[in-house]
Amino acid sequence: MITLWFPKAIYFQPNILNNRLGIYEQRIKDAFSSVETFRDGQKNVDSTHKSHKNILKVADLDWMLVEHFLLHAKQYLNALGYKKTDNLHIQNCWANISYPGDYIFPHNHNGSMISGVYYVKCSADEKIKFFNSPTMLPDPEEWNENNYQYCEYSCIPGSLLLFTSDIMHGTEKQVCEEKIAISFNMSL
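Residues numbered from 1 in each chain as written. Predicted model: local features only at pLDDT ≥ 70, side-chain atom pairs only at ≥ 80, totals over all residues. Heavy atoms only, no water.

## Thoughts on the overall build of the protein chain
- In terms of helices and strands, the protein chain carries 3 helices and 11 strands.
- Along the longest, intermediate and shortest principal axes, the C-alpha atoms of the protein chain span 55 × 40 × 30 Å.
- Out of the 188 residues in the protein chain, the part that is buried amounts to 42%.
- Counting only contacts in the protein chain whose residues sit at least 6 apart along the sequence, the fraction spanning at least 24 positions is 83%.
- Summed over all atoms, the accessible surface of the protein chain reaches about 10,600 Å², with 53% contributed by carbon and sulfur.
- Taking the average location of the 17 positive side-chain charges in the protein chain and that of its 21 negative ones, the two points are 7 Å from each other. (Helix = DSSP H or I, 4+ residues; strand = E, 2+ residues; numbered from the N terminus. Buried < 20%, exposed > 50% of the residue type's maximum accessible area, 1.4 Å probe, protein only. Contact = heavy atoms within 4.5 Å. Areas by Shrake-Rupley, 256 points an atom, 1.4 Å probe, with all protein chains shown as cover. Lys, Arg positive; Asp, Glu negative; His and termini not counted. Charge placed at Lys NZ, Arg CZ, Asp CG, Glu CD.)

## Some details on the pattern of salt bridges
- Counted by the stated rule, this structure contains 10 salt bridges.
- A salt bridge links Lys121 to Glu25, with the shortest nitrogen-to-oxygen separation between them at 3.4 Å. Of this pair, Lys121 sits in strand S6 (residues 114–121) while Glu25 sits in helix H1 (residues 21–34), and the two are 96 residues apart along the sequence.
- Overall, the relative accessible area of 29% leaves Lys121 in the partly exposed class.
- In this structure, Asp46 and Arg39 form a salt bridge, with 3.0 Å as the shortest nitrogen-oxygen distance.
- Classification of Arg39 as partly exposed rests on a relative accessible area of 36%.
- A network of salt bridges, in which partner residues are shared, links Glu25, Lys29, Lys121 and Glu178. (Salt bridge = Lys/Arg side-chain N within 4 Å of Asp/Glu carboxyl O.)

## Examining the sheet that holds strand S10 (residues 168–171)
- An order of S2-S5-S10-S7-S8 is seen for the 5 strands of this open sheet, with the pairing classed as antiparallel. Unpaired on one side and paired on the other, strand S2 (43–44) and strand S8 (150–154) mark the two borders of the sheet.
- For strand S7 (residues 127–131) and S10, the ladder comprises 3 bridges, and the chain directions are antiparallel. Pairing of Phe130 across the sheet is with His169, part of S10. (Pairing = 2+ DSSP bridges.)

## Description of the sheet that holds strand S1 (residues 10–13)
- As summarised here, the arrangement of the 6 strands in space is S1-S9-S6-S11-S4-S3, forming an open sheet in which the pairing is antiparallel. Edge strands, defined here as strands with exactly one partner in the open sheet, are S1 and strand S3 (46–47).
- Where S6 lies against strand S11 (residues 179–187), 7 bridges are found, and the strand directions are antiparallel. Looking at the pairing, Tyr118 lines up with Ile182 of S11.
- Strand contacts of H1: S3, strand S4 (89–98), S6 and S11, with the helix running at about 100° to S6, the strand carrying the most contacts.
- Across the sheet, helix H3 (residues 63–79) touches S1, S4, S6, strand S9 (160–164) and S11, and the angle it forms with S9 is around 45°. (Axes fitted to C-alpha atoms, helices over the stretch in contact; angles between N-to-C directions.)

Dropping the structure here:
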């Protein structure tokens, strides 16, 4: 008998504020023209991660977006067994704009409980990968639900992904023309 332990739970919710995506895209682009952005070997994308703690304020993004982030994060935490979520808050929030050839090296987010990404503009052909813990075992002859090393989600505009901050994640070299994402970390 095989028993599976230590699951890595990832929350996916599509179709969040799709009617506002054009407004969010323009406001993020306007904010990028007025703030400093950075890219480095780990995040080879234009990002406000190191320059601003809260892109939501800089880009004047509405409260509805924050409310959706908090609502879905509370549902995710509840499914993980956390019942006292009244103090849940966004620690930091940034935006990334990326172009063909850009990528984000696998990493995790130390110092927070859950992390998330909301896709404003992208192609469903683009993927974000989540990685299993490193293993010392050689690759098996056949991959299955007992030994897989990563999973992928399409970067669909209007979709929200939430995950515990310790899960390694990243993107491969981008092929679509432009991708805009809002990322954040939360704690209780």
